[in-house]
Amino acid sequence: METITTEIRKIFPRADRLTPDWFQNKTTVVAQALLGKLLVHETTKGVTAGYIVETEAYLGAEDQASHSFQRKRSPKNESMYQQAGTLYLYRMHRHTLLNVVTGPLNQPEAVLIRAIEPVIGERIMQENRAQHGVNLTNGPGKLTQALGISYMLDGYLLNQANVSIWDVSQVPMDIVATPRIGIPNKGEWTHRPLRYTVLGHPHISRQLKKEVRTSVWQNRK
DNA sequence: GCTCCGATGCTCT
DNA sequence: GAGCATCGGAGCC
């Protein structure tokens, strides 16, 4: 725990680790506030980390697109019912997707982390993915592979599984809300703007080249 | 025990 | 922009 703090603060002297409490806030608020935060994984190969640039909110029992729609509950999605800050990981085809549980205990909401910008351990990410450039981390399955995060971490609390999220005062210039990806035939929930992105960031998934901007972060304080 | 399918990504056109 | 890989769990027989 101390060594990772030292390592992060070498690069970001004023970095603060987010505690599970931080995720008790409203899911849509957390999803937007996560943009610019640093997602960190301590692996056997070294530290991997990146700024979060794309998230999606999943609003529990009433959200048709959520795994916990109508409070559906099973060993597979049990993590969604746990306390805020719990990691919810599941496998999609042969990929692993990472969520962080939000809100009160037993209210099964979560934020899906869909894309990051590599910051630490880019060489490790290249090894893990056999790819380079934006292809390293511009998708939910890609970023877990790049960071070396396995579905075995499902159910662990943030900070207790070598996975942590840090406030490093990186602030988006602009945030845009759009419909979520891969949610067909879910009525109004298909179209609700619950996907949040750092406007124009090159690492956002499924983005057209002409939408990429050169300036995406505010200057640090 | 069997079928169905997905909050994806890669490849090829 | 379409096709398909690939696998565990849920739902049903």
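Just so we're clear, the structure is a prediction, and the values are computed from it rather than from any experiment.

Thresholds applied
Residues numbered from 1 in each chain as written. Chains lettered and ligands numbered in written order. Predicted model: local features only at pLDDT ≥ 70, side-chain atom pairs only at ≥ 80, totals over all residues. Heavy atoms only, no water. Near = heavy atom within 4 Å. Polar contact = N/O pair within 3.5 Å; in protein donor to acceptor, adjacent residues only side chain to side chain. Nonpolar A, V, L, I, M, F, W, Y, C, P; charged D, E, K, R; others polar. Phe/Tyr/Trp six-rings, centres within 6.5 Å; stacked < 30°, edge-to-face > 60°. Lys NZ or Arg CZ within 6 Å of the ring centre and 35° of its normal. Buried < 20%, exposed > 50% of the residue type's maximum accessible area, 1.4 Å probe, protein only. Helix = DSSP H or I, 4+ residues; strand = E, 2+ residues; numbered from the N terminus. Pairing = 2+ DSSP bridges. Contact = heavy atoms within 4.5 Å.

> Please set out the protein's contact with DNA strand C residue by residue, giving values where relevant.
The environment of DNA strand C is formed by Ser74, Pro75, Lys76, Arg91, His93 and Arg94. Of what DNA strand C places within 4 Å of the protein, 50% of the atoms are sugar or phosphate. In this structure, a phosphate oxygen belonging to DNA strand C sits 2.5 Å away from a side-chain N or O atom of Ser74. Between a base nitrogen of DNA strand C and a side-chain N or O atom of Arg94, the distance comes to 2.8 Å. Partitioning the surface near DNA strand C into residue classes produces one nonpolar, two polar and three charged.

> Could you give an account of the packing of aromatic side chains, with specific residues and numbers?
Think of a pair of aromatic rings as described by two things: how far the centres are apart, and how the planes are tilted against each other in angle. For the structure shown, the criterion picks out four aromatic pairs. Ring centres of Trp22 and Phe23 lie 4.9 Å apart, and the angle between their planes is 70°; this geometry places the pair in the edge-to-face category. Put simply, the rings of Phe12, Tyr51 and Trp217 pair up and form one aromatic cluster. Across the ring face of Tyr151, the terminal group of Arg91 is positioned such that the distance to the ring centre comes to 3.7 Å. If you follow Arg180 out to its NZ or CZ, it ends over the ring of Tyr58, 4.6 Å from the centre.

> For the pairing of strand β9 (residues 195–198), give the residues involved together with the corresponding values.
Burial of the side chains of β9 extends over both faces: Arg195 and Thr197 are buried on one face and Tyr196 and Val198 on the other. Taken together, the three bridges between strand β3 (residues 46–58) and β9 define a ladder with antiparallel strand orientation. From the neighbouring strand, Glu56 faces β9, where its bridge partner is Arg195. Sheet topology places strand β8 (residues 175–178) next to β9; four bridges connect them, and they run antiparallel. If you follow Ala177 over to β9, its bridge partner there is Tyr196.

> For the side chain of Glu56, give the residues involved together with the corresponding values.
Summarising the element assignment, Glu56 is placed in strand β3. Its relative accessible area of 0% is what places Glu56 among the buried residues. Side-chain polar atoms of Glu56 contact the side chain of Tyr58, separated by 2.6 Å. Beyond its immediate chain neighbours, meaning those up to four positions away, Glu56 contacts Ala110, Val111, Leu112, Arg114, Arg180, Ile181, Leu194 and Arg195.

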